[in-house]
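So you can see what is in the structure, the chains are spelled out below.
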Amino acid sequence: MTKEAKEAKEQAILNMAEKMFLSMDYDKIKMSVLAKELKMSNGLLFVYFKTKETLFMCLLFREYEKRLDYLINIANEMPFDSFGDIKQLFMTELELLIDTNPLYIGLESMRSAILEKNTDLDILFSMKKKLFERTLELASVVCKGGILTANQFIDIFFMESAILIGCKLSSDVPSDVVEIVNKIGIEGFNRSFKDDVLMAVSCYFDGFETRLGK
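Residues numbered from 1 in each chain as written. Predicted model: local features only at pLDDT ≥ 70, side-chain atom pairs only at ≥ 80, totals over all residues. Heavy atoms only, no water.

1. Comments concerning the packing of aromatic side chains
To keep it simple, the criterion reads: For this analysis, a ring pair means two rings from Phe, Tyr or Trp (six-membered ring only for Trp) whose centres lie within 6.5 Å, classed as stacked if their planes differ by under 30 degrees, edge-to-face if by over 60, and tilted for the remaining angles. Only DSSP runs of H or I with at least four residues qualify as helices, and only runs of E with at least two residues qualify as strands; both kinds are numbered from the N terminus onward. Three exposure classes are used, based on accessible area relative to the maximum for each residue type with a 1.4 Å probe and protein chains only: buried under 20%, partly exposed in between, and exposed over 50%.
This model, assessed by the stated rule, comprises twelve aromatic pairs. When the ring of F21 is compared with that of F56, the centres are 6.0 Å apart and the planes differ by 45°; the resulting orientation is tilted. Remark: F56 occurs in helix α4 (residues 52–75) and F21 occurs in helix α1 (residues 3–21); sequence separation between them is 35 residues. Of the two residues, F21 and F56, both sit in the buried class. Ring centres 5.0 Å apart and planes at 85° place the aromatic pair F61 and Y64 in the edge-to-face group. Of the two residues, F61 and Y64 are both situated in helix α4; the distance of three residues between them amounts to about one turn of the helix. The buried category is assigned to Y64, whose relative accessible area is 7%.

2. Topic: the pattern of salt bridges
How we decide: The salt bridge definition used is simple: a Lys or Arg side-chain nitrogen within 4 Å of an Asp or Glu carboxyl oxygen.
Throughout the structure, instances matching the rule amount to 16 salt bridges. Across the salt bridge formed by E93 and R67, the nearest N and O atoms sit 2.8 Å from each other. Placement of the pair is E93 in helix α5 (residues 83–100) and R67 in helix α4, with a sequence separation of 26 residues. Neither residue differs from the other here; E93 and R67 are each classed as buried. The residue E137 makes a salt bridge to R134 at a minimum N-O spacing of 2.5 Å. With E137 and R134 both in helix α7 (residues 121–142) and three residues apart, the pair spans about one turn of that helix. A relative accessible area of 34% places E137 in the partly exposed class. Among the charged side chains, a network of salt bridges with common partners joins E108, R111, E116 and K128.

3. Concerning the packing of α7 against helix α8 (residues 150–171)
Two measures define how a pair of helices packs: the angle their axes make with one another and the distance between the axes. This is how it is decided: Every axis in this analysis is a line fitted to C-alpha atoms, fitted for helices over the stretch in contact. Angles between the N-to-C directions lie between 0 and 180 degrees. Handedness of a helix crossing follows the sense of rotation of the near helix relative to the far helix, less than a right angle counterclockwise being left-handed and clockwise being right-handed. In what follows, residue pairs with any heavy atoms lying within 4.5 Å of each other are defined as contacts. We call Asp, Glu, Lys and Arg charged. Ala, Val, Leu, Ile, Met, Phe, Trp, Tyr, Cys and Pro are nonpolar, and the rest, Gly among them, are polar.
Running from amino to carboxyl end, α7 crosses α8 at an angle of 120°, the nearest separation of the two axes being 9 Å. For the crossing formed where α7 meets α8, the hand is right-handed. Mapping the contact onto sequence places F132, T135, L136, L138, A139 and V142 in α7 and A150, F153, I154, F157 and F158 in α8. The residue inventory of the contact of α7 with α8, partitioned by class, reads ten nonpolar, one polar and no charged.

4. Concerning the nonpolar core
As a reminder of what qualifies: What is meant by a nonpolar core is a set of buried Ala, Val, Leu, Ile, Met, Phe, Trp, Tyr and Cys residues, joined one to another through side-chain atoms within 4.5 Å.
Judged by nonpolar contacts, the single largest core of 68 residues is most densely connected at I13, L34, L55, F56, L138 and F153. Looking at this core element by element, the count peaks at twelve residues for α4. Those residues in contact with I13 that sit more than four places away from it in its chain are L34, L38, M40, L45, Y48, F49 and L55.

5. Some thoughts on the side chain of D120
Note that D120 resides in the loop between α6 (102–109) and α7. Filtering out sequence-adjacent residues up to four positions away, D120 remains in contact with K50 and T54.

Any link to function would need more than the numbers given here.
In structure tokens form, the structure reads like this:
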């Protein structure tokens, strides 16, 4: 099989995994069912992806690449004359991400707790290295005006991810628990994931700006 054919097959597997992830809970997705949908043997599927976690981690990193491509393209068209310009880039793109990409949100929220626990280490290292290099590329564009250093930008970028994960986990309350809480009338228990993320990230930016003295 040629390199191009192998890559095309990998993308087809990732596309089917994406379709299944968006229609059912991760725990209910079986590699055997995925292989059946793709009309391939279980053994062949595991040749491409050694574990289920490796498969979905690769799917998440595909989303990372799409996101970074989008941010780099937008950043290249923006002036960064103040810290507020950088905050605007983050906040506008973050709101768009929350509104339009449940795949990214869902996979990101389970990355460290589930996916990284059983992902092929060589593949994980390779993907993280590539992700960091692309993040540095984005940082070089955003930091060209000298408002932030590349390290400061990367701190913000990964803190945003941590906030997103934390807010997602706190908003994912089982429906039966929500029903009980609603009957009791505990105010503030039900969380709006989007509102919490945007407020927390905005507050983080404001605190970061204060420390910079900008």
